[in-house]
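An overview of the molecular structure
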Amino acid sequence: MVNAGVEPNVHTYGALIDGCARAGQVAKAFGAYGIMRSKNVKPDRVVFNALITACGQSGAVDRAFDVLAEMGAETQPIDPDHITVGALMKACANAGQVDRAREVYKMIHQYNIKGTPEVYTIAISCCSQTGDWEFACSVYGDMTSKGVVPDEMFLSALIDAAGHAEKLDAAFEILQKARVQGIHVGIVSYSSLMEACSNSKNWQKALELYLKSMKIKQTVSTVNALITALCDGDQLQKAVEVLVDMKGLGFSPNSITYSLLLVASEKKDDLEAGLMLLSQAKKDGICPNLVMCRCIIGMCLRRFQEACTLGEPVLSFDSGRSQINNECWFNAAIDVLSQVLGCLQLPYDASLKNRLIENLGVSCDTSGCSNLCSLIDGFGEYDPRAFSLIEEAASLGIVPCVSFKQSPIVVDARNLQTHTAEVYLLTVLKGLKHRLAAGAKLPNINILLPVEKTQFLSPKGEKTINLAGRVSQAISALLRRLGLQYQGNESYGKIRINGLTLRRWFQPKLASPFSGKPGDWSSSQSRLGKEIIHQQRDIRTGNLSLE
């Protein structure tokens, strides 16, 4: 623009500063302002408002007030408008300076600003943080006295302020008064009122509001607020009924919904309801989070401890060894175990694996570069602590124990989940690695995998074929990443790893630190080689001094 000979004016700089403010680029906004001053272009109120907004978004509250001072220091002082006041209050609120925001609000009276619903909404939102209902009412009175008609966002903020001040009856009166005045009341206002009921722990009012607002399209957050109120009021059964209604309304619950319900089920120690909710969450595609897992584990643990205290039989010796014989505890434990192991999985990153190998201080033979994953703790796939967890699970009978005495070794992953199956196999490989180091001969490994049957229509009629399940695909992908060759096809439900293949994989060919040119050595290998050479020379010359 400048190169073309077109001089920017105040509107150009105003648009540039506003763009920088929206992008959060405060430094660039003030840079443009400095250029504007150097070009002797007088800023207007729009420019100053944009600068104050930029300061508010970055948390530079004091700088925002400096800009306000500059407005009054102009040759012809520029009075603030409702946008200025709103931007300053928002900056103070974002920085947690609520008292300062109230002082800014007084500028509305000082400069006789009528304002818009937006600036009053910002003022109401500020007092919501402290639950100052008296200030909220005064703002509402100022708004009506100046003839400004409240919109739904203002009503929502006012109801929210009433909820934080525990003035639930006042919140309902606001909604009723808005209806009488013909103001549009939509889902935003109902959501705020539901949140107010939830904050006040009044499940009766929340349920009443929910039934009255059925004609209005609900949102997940609104129903979650209702469920929160019901769960806080020890109304788990009603909360579960709302969950069923929620699906009937055409939208799906989220992880927050199920977390609230599971916390309530743990509070009531209702394991049956908790397991039902966990199962339903999986069907809805919700991945169990930490809160949900803790609730289930806590209830299972209490059941187990109660059974032990009462002397009830909790062990079974049918398999020849002691195992917990409660399917409920057993299935819940397997489910949670897989999720915990998933948290210990290393990312699929080639650079990370290369770094792990570099930390070993070895390199593979260039004549036939081998996969060095077998030398890494955890084989570069999982944190080594995952092995301790799976070994503990095996001792408790949650996963089957593998006998290293039989040949071939059978690894049954048909009833395991993905992460459990992967760490289970890696733990077997770890045990075989130790046996090889002790001089034992390695047997073959047979891995039993789950398969899924599916039907398809062919020219010769309907046929049934076997497909590899997710666990089977995960195991085969794991072996490929490790560079460990296997025979068979996972879609057949069984693959085999040869003992000789295992031996070669555990003992990759490493490059000698003394091979090649000395200049090719790494610094650590060079130092080690020189130290060994010096020690050998000292031994030959009889110099056995430790110095």
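Residues numbered from 1 in each chain as written. Predicted model: local features only at pLDDT ≥ 70, side-chain atom pairs only at ≥ 80, totals over all residues. Heavy atoms only, no water.

**A short note on the overall build of the chain**
Helix and strand counts for the chain stand at 25 helices and eight strands. For the chain, the residues scored as buried account for 43% of the 547 residues in total. For the chain, contacts bridging at least 24 residues in sequence account for 64% of all contacts bridging at least 6. Here the chain has roughly 29,600 Å² of accessible surface; of this, 53% comes from carbon and sulfur atoms. (Helix = DSSP H or I, 4+ residues; strand = E, 2+ residues; numbered from the N terminus. Buried < 20%, exposed > 50% of the residue type's maximum accessible area, 1.4 Å probe, protein only. Contact = heavy atoms within 4.5 Å. Areas by Shrake-Rupley, 256 points an atom, 1.4 Å probe, with all protein chains shown as cover.)

**What about the pattern of salt bridges?**
Following the criterion strictly, the structure yields 13 salt bridges and no others. Between Glu74 and Arg37 there is a salt bridge whose closest N-O contact spans 2.3 Å. Taken together, the positions of Glu74 in the loop between helix H4 (61–72) and helix H5 (82–94) and Arg37 in helix H2 (residues 26–38) put the pair 37 residues apart, joining distant regions of the chain. Residue Glu391 is joined to Lys430 by a salt bridge in which the shortest nitrogen-to-oxygen separation is 3.9 Å. Remark: Lys430 occurs in helix H22 (residues 418–437) and Glu391 occurs in helix H21 (residues 385–395); sequence separation between them is 39 residues. (Salt bridge = Lys/Arg side-chain N within 4 Å of Asp/Glu carboxyl O.)

**Points about the packing of helix H1 (residues 10–22) against helix H3 (residues 45–58)**
It is at 9 Å that the axes of H1 and H3 come closest, and there the two elements cross at 10°. In this view, H1 runs roughly parallel relative to H3, as classed from their interaxial angle. Of the two possible hands of crossing, H1 and H3 adopt the one that is left-handed. Taking contact as the criterion, the partners of Val10, Gly14, Ile17, Asp18, Ala21 and Arg22 in H1 are, on H3, Val47, Ala50, Leu51, Ala54 and Gln57. When grouped by side-chain class, the residues that make up the contact of H1 with H3 number seven nonpolar, two polar and two charged. (Axes fitted to C-alpha atoms, helices over the stretch in contact; angles between N-to-C directions. Parallel < 35°, antiparallel > 145°, perpendicular 65-115°, else oblique. Left-handed = near helix turned anticlockwise from the far one by under 90°. Nonpolar A, V, L, I, M, F, W, Y, C, P; charged D, E, K, R; others polar.)

**Here we look at the sheet that holds strand E7 (residues 487–489)**
What the four strands build is an open sheet, ordered E3-E4-E8-E7; its pairing is mixed. Each edge of the open sheet carries a strand with a single partner, namely strand E3 (409–412) and E7. Strand-to-strand twist of the sheet, defined as the mean angle between neighbouring strand axes without regard to direction, takes the value 20°. Bridge count for E7 against strand E8 (residues 494–497) is three bridges, and the pairing is antiparallel. Looking at E8, one finds that Asn489 is bridged to Lys494. Here H22 sits on the sheet and contacts E3 and strand E4 (445–448); the angle it forms with E3, its principal contact strand, is near 160°. (Pairing = 2+ DSSP bridges.)

**With respect to the nonpolar core**
Core analysis: the biggest nonpolar cluster contains 108 residues, and Met89, Tyr120 and Trp133 have the highest contact counts within it. Those residues in contact with Tyr120 that lie beyond four places of it in its chain are Tyr105, Ile108, Ile113, Lys114, Gly115, Val139, Asp142, Met143, Lys146, Val148 and Phe154. Core analysis: the second largest hydrophobic core is formed by 43 residues, Ile409, Leu449, Ile497 and Leu502 among them. (Core = buried A, V, L, I, M, F, W, Y, C linked by side-chain atoms within 4.5 Å.)

**Description of the confidence of the model for the chain**
When pLDDT is averaged across the chain, the result is 81; 87% of the residues are at 70 or more. The model gives residues 514–523 a pLDDT under 50, and that stretch makes seven contacts with residues more than four places away or in other chains. (pLDDT = per-residue confidence, 0-100.)

**Observations concerning a nonpolar patch on the surface**
Together, Phe456, Ile465 and Leu467 make up an exposed nonpolar region whose accessible area comes to about 230 Å². In this structure, Ile465 sits in strand E6 (residues 461–468). (Patch = residues over 30% accessible without salt bridge, like charges linked within 9 Å, V, L, I, M, F, W, Y side chains within 5 Å.)

**Let's talk about the side chain of Glu490**
With respect to the helices and strands, Glu490 occurs in the loop between E7 and E8. One buried charged residue, Glu490, forms no salt bridge at all, with the nearest opposite charge on Arg480 at 4.4 Å. Those residues in contact with Glu490 that sit more than four places away from it in its chain are Leu449, Val451, Ala468, Ser472, Ser476, Arg480 and Ile495. (Lys, Arg positive; Asp, Glu negative; His and termini not counted.)

**Regarding the environment of Ile174**
Counting through the fold element by element, Ile174 comes out in helix H11 (residues 168–180). In this structure Ile174 comes out as buried when scored by relative accessible area, which is 10%. It is 7.1 Å that separates the C-alpha atoms of Ile174 and Ile159, two residues lying 15 residues apart in sequence. Dropping the residues within four chain positions of it, Ile174 is found in contact with Trp133, Leu155, Leu158 and Ile159.

**Side note on empty space enclosed by the protein**
The gaps left among the atoms become clear once a water-sized probe is rolled over them. In the structure shown here, the tally under the stated rule is one cavity of 30 Å³ or more. Of the pockets and cavities examined, the largest cavity occupies roughly 40 Å³. Looking at the largest cavity, the residues that line it are Leu230, Cys231, Asp234, Gln235, Leu236, Ala264, Lys267 and Lys268. Across the lining of the largest cavity, the residue classes tally to four nonpolar, one polar and three charged. (1 Å grid on protein atoms, 1.4 Å probe; cavity = no way out; pocket = protein on both sides within 12 Å on 5 of 7 lines; lining within 4 Å. Points joined across faces, edges and corners; volume = space filled by probe spheres on them.)

**Notes on H22**
Taking 1.5 Å as the rise per residue, H22 with 20 residues should run 28 Å; its terminal C-alpha atoms sit 29 Å apart, in good agreement. Once H22 finishes, Gly439 follows within two positions and takes phi at roughly 95°, a positive value. (Expected span 1.5 Å × (residues − 1).)

**Structural notes on the layout of surface pockets**
Its volume calculated, the second largest pocket comes out at about 420 Å³. If you trace the second largest pocket, you find 21 residues lining it, with Thr53, Ile83, Ala87, Lys90 and Glu118 closest to the centre. Of all the elements in the fold, those that place two or more residues in the lining of the second largest pocket are H1, H3, H5 and helix H8 (117–128). Of the residues forming the lining of the second largest pocket, the biggest block, seven residues, is contributed by H5. Residues of the lining of the second largest pocket, tallied by class, amount to eight nonpolar, eight polar and five charged.

**Topic: unusual backbone geometry**
Peptide bonds are mostly trans, and most non-glycine residues show a negative phi. The residue after Ser407, namely Pro408, is reached through a cis peptide bond having omega 0°. With respect to the helices and strands, the residue Pro408 is situated in the loop between H21 and E3. Phi at Asn40 is positive, roughly 60°, even though this residue is not glycine. Mapped onto the secondary structure, Asn40 falls in the loop between H2 and H3. Of note in this structure, Glu166 is not a glycine but carries a positive phi near 60°. Tracing the backbone shows Glu166 in the loop between helix H10 (152–164) and H11. The exposed category is assigned to Glu166, whose relative accessible area is 64%.

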